[in-house]
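Structural characterization, general
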Amino acid sequence: MPKAKSAYLCQSCGHSSPKWLGQCPDCGEWNTLVEEVVRASVGGKAVERIAIQAPDILSVQSLDARREPTGIPALDAVLGGGLVPGSIVLVGGEPGIGKSTLLTQVAAAMAHEGEVVLYISGEESPSQVRMRAERIGALSENFRLATSTDLEETLAILRGTEPRVAIVDSIQTMSSSELEGGAGGVSQVRHCASVLHAFAKEAGIAMFVVGHVTKDGSLAGPKVLEHLVDCVLVFEGEGFGRLRTIRAAKNRFGSVDELAVFEMTESGLSEVENPSQLLLAERQAGAPGSCVFAAMEGRRAVLLEVQALVSPNYTQSPRRTVTGLDFNRVLLTLGVLEKRGGVRLAGQDVFVSVVGGLTVREPAADLAVLLAVASAAKGAALPEDLVVFGEVGLTGEIRSVGSVGARLKEAARMGFRRAATSRTGKQDYSQPGVTVGGLRNIADALSLVSE
Ligand code: TYD
Ligand code: MG
């Protein structure tokens, strides 16, 4: 038996340290190092002089031919065309976002197609899982349900049930008796995930593993699992809003470009066919501080409302609060607006957010942020039928961005008649029904506010 030894493992990123530290040197999180028993390595085995010839690539079977639909087309698209047998998909997200709901729906749809699907819950009692399944109309004979928090027992259930697809909800509740340390710790989570992956590969079944992410890093998050799994799906959405998005943060079998948008309803998650419409539904057209941004979410154009509020702050330190956008990028845009655009923000609190709980990562949002803040600061609304997109440079120039055609098409579809962007790119800026104004710099952009 290898000797047990202990180490301090960061519960956020898995960094291992021989002694306790207040801050993880790897990910920079505070108070995340926890002592855990780790197994000592077995020691170097003598390398024998054996020869193995690797096969040529033509004789290797491609996985693509064997993809299985999950029964939820939007999810299939995010996965890159369906589930790949022998793979493991990590579904990460905050508690309450809808991970169990989505996977119950997948189980239901696949069971309905005649596949045996096994749902192993370590968090809820069988009757709780049944209640959810009833609510979304998921009861069927092929839907097998077990509750277990023990890895070895889970493997036994997997062997006995022989499912085509297995769902483990969640990896944080699973623990192996081979390791010391409680469920949810980095070493247990990592060990359980790698054993389950090995099982999935050997048995040729697809497996979904749920992983909770909490903001304070108190649970071993999917970060430590990312390299162990084939695909990481990230579930996002504003806690109490209805909208949920799923994107792939990693995908060995497809691109990470697709985004699925769902709405939480009385009977589970339903796909949102027209996200722009839902996102703009409550917009107060003509209100200062509101700007519509034609965003690219994966390969799809979506219209989003960027909102800003600028209000006086009488203390020494005015606040900057940003939701759904990159904080530093927004600060940069505010700096450019103040310095190059002459809009005074000193002594003012500035709040900027994207409505609907979507997170925007592309620099093309700069222009919308700039205009929303300028409009809020001046108390003057932007034209109601205007959409914008463009990057803002440090000298106050507006830069062109990609996917112009898709953005303009979506704007036209949603009834917007004006667009403003930089027209310097080598792209087609014509779109029937939409007048596309070219902006060169911040002064051009600000002229839209006072119109
Ligand atoms: P759940 O899937 O349990 O979240 P997670 O597994 O990510 O922790 O469900 C999250 C929330 O969704 C829960 O508060 C109840 C709500 N919900 C609905 O609104 N409609 C439904 O049909 C279901 C099943 C859940
Ligand atoms: Mg759950």
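Throughout, residues of each chain are indexed from 1 in the direction in which the sequence is written. Chain letters start at A and ligand numbers start at 1, both assigned in the order the entries are written. The predicted nature of this model means local features are confined to residues of pLDDT at least 70 and side-chain atom pairs, given and counted, to a pLDDT of 80 or more, with totals for whole chains, interfaces and linings taken over all residues. To get the side-chain values, take all heavy atoms of the structure and skip hydrogens and water.

Looking at the sheet that holds strand β8 (residues 206–212)
- Note on pairing: two strands pair once DSSP finds at least 2 bridges between them. Think of it this way: any DSSP run of H or I at least four residues long counts as a helix, any run of E at least two long counts as a strand, and we number them from the N terminus. Taking strand neighbours across the sheet as the criterion, the nine strands line up as β6-β5-β7-β8-β4-β9-β10-β11-β12 in an open arrangement whose pairing is mixed. This sheet does not close on itself; its edge strands, each paired only once, are β6 (143–147) and β12 (268–271). Neighbour to neighbour, the strand axes of the sheet diverge by 25° on average, direction disregarded.
- Relative to strand β7 (residues 165–169), strand β5 (residues 117–121) is paired through five bridges, and the arrangement is parallel. Opposite Tyr119, over in β7, you have Ile167 as the bridge partner. Fitting a line to C-alpha atoms yields each axis, with helices limited to the stretch in contact; the angle taken between N-to-C directions then spans 0 to 180 degrees.

Some details on the layout of surface pockets
- The computed volume of the second largest pocket comes to approximately 440 Å³.
- Along the walls of the second largest pocket sit 20 residues, with Gly98, Ser100, Thr101, Arg132 and Met264 positioned nearest its centre.
- Elements represented by at least two residues in the lining of the second largest pocket include exactly α2 (99–112), α3 (126–135) and β11 (259–265).
- Three classes are used: nonpolar for Ala, Val, Leu, Ile, Met, Phe, Trp, Tyr, Cys and Pro, charged for Asp, Glu, Lys and Arg, and polar for all others, with Gly counted as polar. Residue composition of the lining of the second largest pocket, grouped by class: five nonpolar, nine polar and six charged. Two kinds of site are reported from a 1 Å grid over the protein atoms alone, namely cavities, where a 1.4 Å probe fits but cannot get out, and pockets, open sets with protein on both sides within 12 Å along at least five of seven lines, and residues are called lining when an atom falls within 4 Å of a point. Grid points are joined across faces, edges and corners, and a volume is the space filled by probe spheres set on the points.

Digging into the state of the cysteines
- Throughout, a disulfide means two cysteine sulfur atoms within 2.5 Å of one another. In this structure the tally under the stated criterion is zero disulfides.
- Free cysteine Cys24: the closest other cysteine sulfur is in Cys13, separated by 3.7 Å.
- On the basis of relative accessible area, Cys24 is assigned to the buried category, the value being 1%.
- Its sulfur unpaired, Cys27 is 3.7 Å from the next cysteine sulfur, which belongs to Cys13. Type-normalised accessible area, obtained with a 1.4 Å probe on protein chains alone, sets the label of each residue: buried when under 20%, exposed when over 50%, and partly exposed for intermediate values.

Side note on the site of ligand 1
- The environment of ligand 1 is formed by 16 residues, the closest being Gly96, Ser100, Thr101, Thr265 and Gly268.
- Side-chain polar atom of Ser100 to an oxygen atom of ligand 1: 2.7 Å apart, as the coordinates give it.
- One of the side-chain nitrogen or oxygen atoms of Arg132 is found 2.8 Å away from an oxygen atom of ligand 1.
- Per-residue accessibility takes into account occlusion by the displayed protein chains alone, with areas from the Shrake-Rupley method and a 1.4 Å probe. When ligand 1 is considered free in solution it has 550 Å² of accessible area, and contact with the protein chains removes 76% of it.
- Residue assignment for the shell around ligand 1 shows that the elements contributing at least two residues are α2, α3 and β11. Nearness is defined per residue: one heavy atom within 4 Å of the molecule or strand is enough. A 3.5 Å cut-off defines polar contacts: any pair of N or O atoms within that distance qualifies, except that in protein one atom must be a possible hydrogen donor and the other a possible acceptor, and neighbouring residues in sequence count only when both atoms are side-chain atoms.

Structural notes on the sheet that holds strand β20 (residues 418–421)
- What the seven strands build is an open sheet, ordered β15-β16-β14-β13-β17-β20-β21; its pairing is mixed. Here the strands that pair on one side only, and so sit at the sheet edges, are β15 (320–323) and β21 (435–438). Adjacent strand axes in the sheet meet at a mean angle of 25°, parallel and antiparallel pairs treated alike.
- With respect to the sheet, helix α8 (residues 366–378) is in contact with β13 (290–297), β14 (300–312), β16 (348–354), β17 (386–388) and β20, its orientation differing from that of β14 by roughly 35°.
- Along the sheet, helix α9 (residues 404–413) contacts β13, β14, β17, β20 and β21; its crossing angle with β14, the most-contacted strand, is approximately 80°. Whether two residues are in contact is decided by their heavy atoms, any of which lying within 4.5 Å being enough.

Notes on a nonpolar patch on the surface
- Exposure above 30% relative accessible area and the absence of a salt bridge qualify a residue for a patch, where like charges join within 9 Å and nonpolar side chains (Val, Leu, Ile, Met, Phe, Trp, Tyr) within 5 Å. Basic side-chain nitrogens of Lys or Arg form a salt bridge, by our definition, when they fall within 4 Å of a carboxyl oxygen of Asp or Glu. On the surface, Ile57, Leu58 and Val60 cluster together into a nonpolar patch covering about 390 Å² of accessible area.
- Residue position: Leu58 is located in the loop between β3 (33–39) and α1 (73–79).

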